[in-house]
Amino acid sequence: MAGHTENEITIAAPLDLVWDMTNDLERWPKLFSEYASCEVLSRDGDAVTFRLTMHPDENGKVWSWVSERIADREKLIVRARRVETGPFEYMNIVWEYEETPDGTRMHWTQDFAMKPDALVDDAWMTDNINRNSPIQLGLIRDRIEEVSCTTP
């Protein structure tokens, strides 16, 4: 059985600002609380390959992996996948953006499966993602809205 999650938030900020800030990968450690660093490994047009490193977990373990993102500004969609899958058989993420009367709606869809020998199963990871995504989305919203309020 595979895992599937969907989480979203509306950010009271212009679409261009939300798009630019959330697709500035080098800024991710300032947008997300879970990432210690983001190192861009290569860029080819709208495709970016990068390494994400998390802050140490409660056991002191540091998780890191390589992912690829392809941004389609015209369609307001970003597709990402883990290249180094770690405990996942696969992990695919879609970010969708939509301009609304209240600001910019950002919707995350994650489809994944855990490897049979992973320490957790699909159900555990689904619950974990659904607990953490609203926290991260809230931080992103707050940080973008703060910039939006100070931008003339």
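Residues numbered from 1 in each chain as written. Predicted model: local features only at pLDDT ≥ 70, side-chain atom pairs only at ≥ 80, totals over all residues. Heavy atoms only, no water.

Things to note about the sheet that holds strand β7 (residues 103–114)
Each strand in a sheet pairs with another by means of backbone hydrogen bonds, the pair being arranged parallel or else antiparallel.
Thinking step 1. As summarised here, the arrangement of the seven strands in space is β1-β7-β6-β5-β4-β3-β2, forming an open sheet in which the pairing is antiparallel. Taken across any chain shown, the strands that pair with only one partner, and hence form the sheet edges, are β1 (3–11) and β2 (35–44). Each adjacent strand pair in this sheet contributes to an overall mean axis angle of 20°, direction not counted.
Thinking step 2. Summarising the sheet, strand β5 (residues 77–82) and strand β6 (residues 88–100) pair through five bridges and their orientation is antiparallel. Its bridge partner lying in β6, valine 78 is registered against tryptophan 95. (Pairing = 2+ DSSP bridges. Helix = DSSP H or I, 4+ residues; strand = E, 2+ residues; numbered from the N terminus. Axes fitted to C-alpha atoms, helices over the stretch in contact; angles between N-to-C directions.)

Quick notes on the nonpolar core
Thinking step 1. One finds Trp28 and Tyr97 to be the most contacted residues of the largest nonpolar core, which totals 27 residues.
Thinking step 2. Sorting elements by how many residues they give to this core places helix α1 (residues 15–22) first, with four residues.
Thinking step 3. Leaving out residues up to four positions away in the same chain, tryptophan 28 has contacts with Thr22, Tyr35, Phe50, Leu52, Arg69 and Trp95.
Thinking step 4. The next biggest cluster of nonpolar side chains, apart from the first, holds seven residues, and it includes Phe88, Met91, Phe112 and Ala118. (Core = buried A, V, L, I, M, F, W, Y, C linked by side-chain atoms within 4.5 Å. Buried < 20%, exposed > 50% of the residue type's maximum accessible area, 1.4 Å probe, protein only. Contact = heavy atoms within 4.5 Å.)

Side note on unusual backbone geometry
Thinking step 1. Even without being a glycine, leucine 76 presents a positive backbone phi close to 55°.
Thinking step 2. Relative to the helices and strands, leucine 76 is located in the loop between β4 (64–72) and β5.
Thinking step 3. In this structure leucine 76 comes out as buried when scored by relative accessible area, which is 17%.

Topic: the packing of aromatic side chains
Centre-to-centre distance and the angle between the planes together describe a pair of aromatic rings.
Thinking step 1. All told, the structure shown has 12 aromatic pairs when counted by the stated rule.
Thinking step 2. Between the aromatic rings of tryptophan 28 and phenylalanine 50, the centroid separation amounts to 5.7 Å while the plane-to-plane angle is 80°, which identifies the pairing as edge-to-face. Linking tryptophan 28 in helix α2 (residues 28–31) with phenylalanine 50 in strand β3 (residues 47–54), this pair joins segments that are 22 residues apart in sequence.
Thinking step 3. By relative accessible area, tryptophan 28 is classed as buried at 4%.
Thinking step 4. You can call phenylalanine 50 buried: its relative accessible area is 2%.
Thinking step 5. Here the aromatic cluster, defined as three or more aromatic residues joined through ring pairs, consists of Trp19, Trp28, Phe32, Tyr35, Phe50, Trp65, Trp95, Tyr97 and Trp108.
Thinking step 6. Lying over the aromatic face of tryptophan 63, lysine 61 brings its terminal NZ or CZ to 4.6 Å of the ring centre.
Thinking step 7. Stacked on the ring of tryptophan 65, the Lys or Arg arginine 82 has its end atom at 3.8 Å from the ring centre. (Phe/Tyr/Trp six-rings, centres within 6.5 Å; stacked < 30°, edge-to-face > 60°. Lys NZ or Arg CZ within 6 Å of the ring centre and 35° of its normal.)

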